[in-house]
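Residues per chain are reported as follows:
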Number of protein chains: 2
Amino acid sequence: MNNQDTICALATPNGVGAIGVIRLSGPKSWEITEALFSKPLKGKLSHTVHFGTISNRNEELLDEVLVTLFAHEKSYTGEESVEISCHGSAFILGKIVEALIAEGARLANPGEFTQRAFLNGKLDLSQAEAVADLIASQSRSAHDIALKQLRGNFSSELRDLREKLIHFASLVELELDFAEEDVEFADRGELKALVTEVLAYIERMAASFELGNAIKNGVPVAIVGAPNTGKSTLLNQLLGENRAIVSDIAGTTRDVIEETLNIEGILFRLIDTAGIREGAEEIEALGIERSKEKINQASLVLCLADGSSPESVATVNQWVEELKVTYPSKRIVAVLNKMDIATTENATVALQISAKQGQNIDALKKWLVDAVTGDFDLANDTIVSNARHHEALINTAASLQKAKDGLETGITGDFVAMDIRQAMFYLGSITGDISTDDLLGNIFSKFCIGK
Amino acid sequence: MNNQDTICALATPNGVGAIGVIRLSGPKSWEITEALFSKPLKGKLSHTVHFGTISNRNEELLDEVLVTLFAHEKSYTGEESVEISCHGSAFILGKIVEALIAEGARLANPGEFTQRAFLNGKLDLSQAEAVADLIASQSRSAHDIALKQLRGNFSSELRDLREKLIHFASLVELELDFAEEDVEFADRGELKALVTEVLAYIERMAASFELGNAIKNGVPVAIVGAPNTGKSTLLNQLLGENRAIVSDIAGTTRDVIEETLNIEGILFRLIDTAGIREGAEEIEALGIERSKEKINQASLVLCLADGSSPESVATVNQWVEELKVTYPSKRIVAVLNKMDIATTENATVALQISAKQGQNIDALKKWLVDAVTGDFDLANDTIVSNARHHEALINTAASLQKAKDGLETGITGDFVAMDIRQAMFYLGSITGDISTDDLLGNIFSKFCIGK
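Everything numeric in this text was worked out from a predicted model, so none of it was measured.

The next thing to look at is empty space enclosed by the protein. Throughout the structure, instances matching the rule amount to 5 cavities of 30 Å³ or more. Put simply, the largest cavity is a space of about 150 Å³. Around the largest cavity, the lining comprises 15 residues; the ones closest to its centre are Thr 68, Glu 83 and Ser 85 of chain A together with Thr 68 and Glu 83 of chain B. Breaking the lining of the largest cavity down by element, the ones donating at least two residues are β2 (17-25), β4 (61-70) and β5 (81-88) of chain A together with β2 (17-25), β4 (61-70) and β5 (81-88) of chain B. Looking at the lining of the largest cavity, the element that brings in the most residues is β4 of chain B, giving 3 residues. Across the lining of the largest cavity, the residue classes tally to 9 nonpolar, 4 polar and 2 charged. Looking at the second largest cavity, its volume works out to about 100 Å³. Lining the second largest cavity we find Asp 144, Ile 145, Lys 148, Gln 149, Asn 153, Phe 154, Leu 378, Asp 381, Thr 382, Ile 383 and Val 384 of chain B.

Pasting the structure below:
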């Protein structure tokens, strides 16, 4: 990686729009832009905008543009940077990038702007990863998690934990220096309490990944049930008034097979709604294979039974219990529908609704949200949504567990210190305090060009 | 139209990108932005950029953004304006627009920013129209025409012509004031010379529309000929080395049925290349219906004959002459192919090529370019590419013709003056000196939102 060169790329989405923005970063950003621009830029202040025209080396006028200047250390990347805002035509954007390259800029690799920001200390690694998550976020919860991470909340928590561990490790290591004198600087009970506390914290963070991942990718929900239990009515009731906000925003691509539902900022993906919509209930009656497939793809399963049929009401709990045994990792719930025309009662079923009349739909939605969030508080808890972070936290926890076990079995201080150092290594890999070129390459190659 | 309100819209294309830009224009742009932004903006200079966070009314943090300020009269629209550059996620962009609207901004109508620029005198109407053309341009020629028009070249030519007509009209009208004294201030010969000159100029401008329109939309070309004359070889030869530059730029959508070819910055659309590519020549032999259809869609027709077949060589001219009679408005040319293995000669056919060997392909391309440009000089002549302007020029010419006829038949000055005023009205409608709400609505409704 050579940070001495100047990179450029289109930063706005492809396609026709009112404006498009091209970014440059590197020591020659201003100089290269000035060579093509109609006005001198040298000596101008950082964070100022200049209107003029841009032409290529052959003096062909390309466009009227706004050039925004960012000085060294004052930009996103930490390097001298420029943003060129031109008319949003693919032809013009292509021509300007071409002209910049002819002046000595190089087309940026995917994520290279953010990678430079990381290497120049403007962002740590988990913040850099949050940039990609933020761009991809499609619901309020996913957005909030990514934005908190970008703002450094997660990083500062990790830093606090690391400092506790450093304190711990230094105490243990001090002991080692005085090993012959058989001194114990660190109170073993205190040490154990500290490692237990940190371990519990890390384990909770790691556990939040299930929620974070569900929020990031949407939570797959299956609605299963016999024919005529009202699956498609329930689907319409859920979608009708609450059609996912994101799908109203132009440009969000929607899955053709799945419908999405946004409840309290969490995106739920309703599996195989095409099947339900097309009135495939008759076909479904022929075999339960289809239901099995749906349940396999889902995290949450709504088992819909006909509340107006005494037989259904009587057997629904048994059905759900059987499913829970077959699918122990899924959250499965019984839902009695058609309660507006029900004649029998079954107080053991918590969710009793009428999809047609809209009765108790809020309770059903609350169940969905609670099933996802569990005992986490989306507003205040740190939620981990990145698989790499999750893995690092699992490894951290394992090392801490070894240290804790060591303390309990009275192992010598040097082994305990080693485990603690190992835990710190894993924690540090999340923020990039410890990183390798391979790791960086792997992370930034998943970014889009221009970021 | 109420320019007292503040409008906002997404200015960059829909979709996921590194950054997205939202625009505001109107008297409360700064105030509305400041209400959501983490830093004070009041008193800041125009053309400065500010980094901070943006939150909605409920204090929900939406994103880290760059806010660019433009003062009244110093912006694109001529009004106080703001550009908010945020992470390029549809979710975030939607949320920010929502928050701006909650603070009192209104979602802009299509083209409303440019319409305001026009109403505030920052652009004339033909320049405003050039903005849309510039964004849509897919080839260098189309781009150059639009950019020249945006830069005001066309407008200033029209202004010159109008001034000549104003001078002319005032002379004639001065005469009318002194009608009883039977004075002739304006030398009739001079008047006639002037009107003839302006008329010729306008007529040439109007005539350039055929070229301008072809360049704007691409020039449809048909390659026709009997089976085995080498149509698909010629197609590959043309496309092989010269595949349209625009199609290399990401985001340019390409027509699935047509191939495009960019020669000297002009976009040619090769009609029904799918048919040629799929080796449909056999089918084509069954009927000439298909060829007829192709020719009907084309502006330029290449009639390909087998130069190695004495019969083809002998009959090609007659074939082309017959086509010219049937299709008088098309430019049709005979092309003898397979000249690398030809045995007979026919010096009357100008284009003798070998598609296989690449012989004389440059001459063929030159014919295509010349057939489009005619006697216009793309670099220096004003080319009209807008149908509305063309219509106005035709009307101007008709009025001038009436004035000229009047002068020749010795009609009274007041009639001549009326015709000249009429011509000036039509000319003025191009730049918007004369405009109606209907006209403006019609023009700007074709713009995208955000422009």
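From this point, the discussion proceeds with the structure in view.
The next point concerns the packing of helix α6 (residues 153-177) of chain B against helix α15 (residues 413-431) of chain B. All names here are of chain B. Here α6 crosses α15 at 160°, and the two axes come no closer than 9 Å. With respect to their mutual orientation, α6 and α15 come out roughly antiparallel. The way α6 lies across α15 gives a crossing that is left-handed. Contacts between α6 and α15 pair Phe 154, Ser 155, Leu 158, Leu 161, Arg 162, Leu 165, Ile 166, Phe 168, Ala 169, Val 172, Glu 173 and Leu 176 from the former with Gly 413, Asp 414, Val 416, Ala 417, Ile 420, Arg 421, Ala 423, Met 424, Leu 427, Gly 428, Ile 430 and Thr 431 from the latter. Split by residue class, the contact of α6 with α15 holds 16 nonpolar, 4 polar and 4 charged.

For the pair chain B and chain A, the best superposition has an RMSD of 0.2 Å and corresponds to a rotation of 179° with a translation of 0.0 Å parallel to the axis. With respect to symmetry, the two chain copies, as superposed, fit the operation of a two-fold axis. Across chain B, the smallest distance between a C-alpha and the rotation axis is recorded for Thr 48 of chain B, namely 2.3 Å. The residues that chain B uses at the interface reappear at the interface of chain A in 100% of cases, marking a shared surface.

Bringing the packing of aromatic side chains into the picture now. All names here are of chain A. Evaluation of the coordinates by the stated rule reveals 5 aromatic pairs over all chains. Between Phe 425 and Tyr 426 the ring centres are 5.6 Å apart and the planes differ by 70°, which places this aromatic pair in the edge-to-face class. On the accessibility criterion, Phe 425 (39% relative accessible area) is partly exposed. We classify Tyr 426 as partly exposed; its relative accessible area is 22%.

We now examine the interface of chain B and chain A. Interfaces are frequently sized by the accessible area removed from exposure as the parts join. Tallying the contact residues gives 50 residues for chain B and 50 residues for chain A. When the area that chain B buries against chain A is broken down by residue, the three leading residues are Pro 13, Ile 19 and Phe 91 of chain B, summing to 15%. Counting across the interface, chain B meets chain A through 2 salt bridges. The partner of Arg 151 of chain A in a salt bridge is Glu 64 of chain B, and the shortest N-O contact between them spans 2.9 Å. Applying the counting rule to chain B against chain A returns 11 residue pairs in polar contact (both at pLDDT 80 or more).

The rules behind the values
- Residues numbered from 1 in each chain as written.
- Chains lettered and ligands numbered in written order.
- Predicted model: local features only at pLDDT ≥ 70, side-chain atom pairs only at ≥ 80, totals over all residues.
- Heavy atoms only, no water.
- 1 Å grid on protein atoms, 1.4 Å probe; cavity = no way out; pocket = protein on both sides within 12 Å on 5 of 7 lines; lining within 4 Å.
- Points joined across faces, edges and corners; volume = space filled by probe spheres on them.
- Helix = DSSP H or I, 4+ residues; strand = E, 2+ residues; numbered from the N terminus.
- Nonpolar A, V, L, I, M, F, W, Y, C, P; charged D, E, K, R; others polar.
- Axes fitted to C-alpha atoms, helices over the stretch in contact; angles between N-to-C directions.
- Parallel < 35°, antiparallel > 145°, perpendicular 65-115°, else oblique.
- Left-handed = near helix turned anticlockwise from the far one by under 90°.
- Contact = heavy atoms within 4.5 Å.
- Least-squares fit on C-alpha atoms with pLDDT ≥ 70 in both.
- Phe/Tyr/Trp six-rings, centres within 6.5 Å; stacked < 30°, edge-to-face > 60°.
- Buried < 20%, exposed > 50% of the residue type's maximum accessible area, 1.4 Å probe, protein only.
- Buried area = accessible area lost by both parts, 1.4 Å probe.
- Salt bridge = Lys/Arg side-chain N within 4 Å of Asp/Glu carboxyl O.
- Polar contact = N/O pair within 3.5 Å; in protein donor to acceptor, adjacent residues only side chain to side chain.

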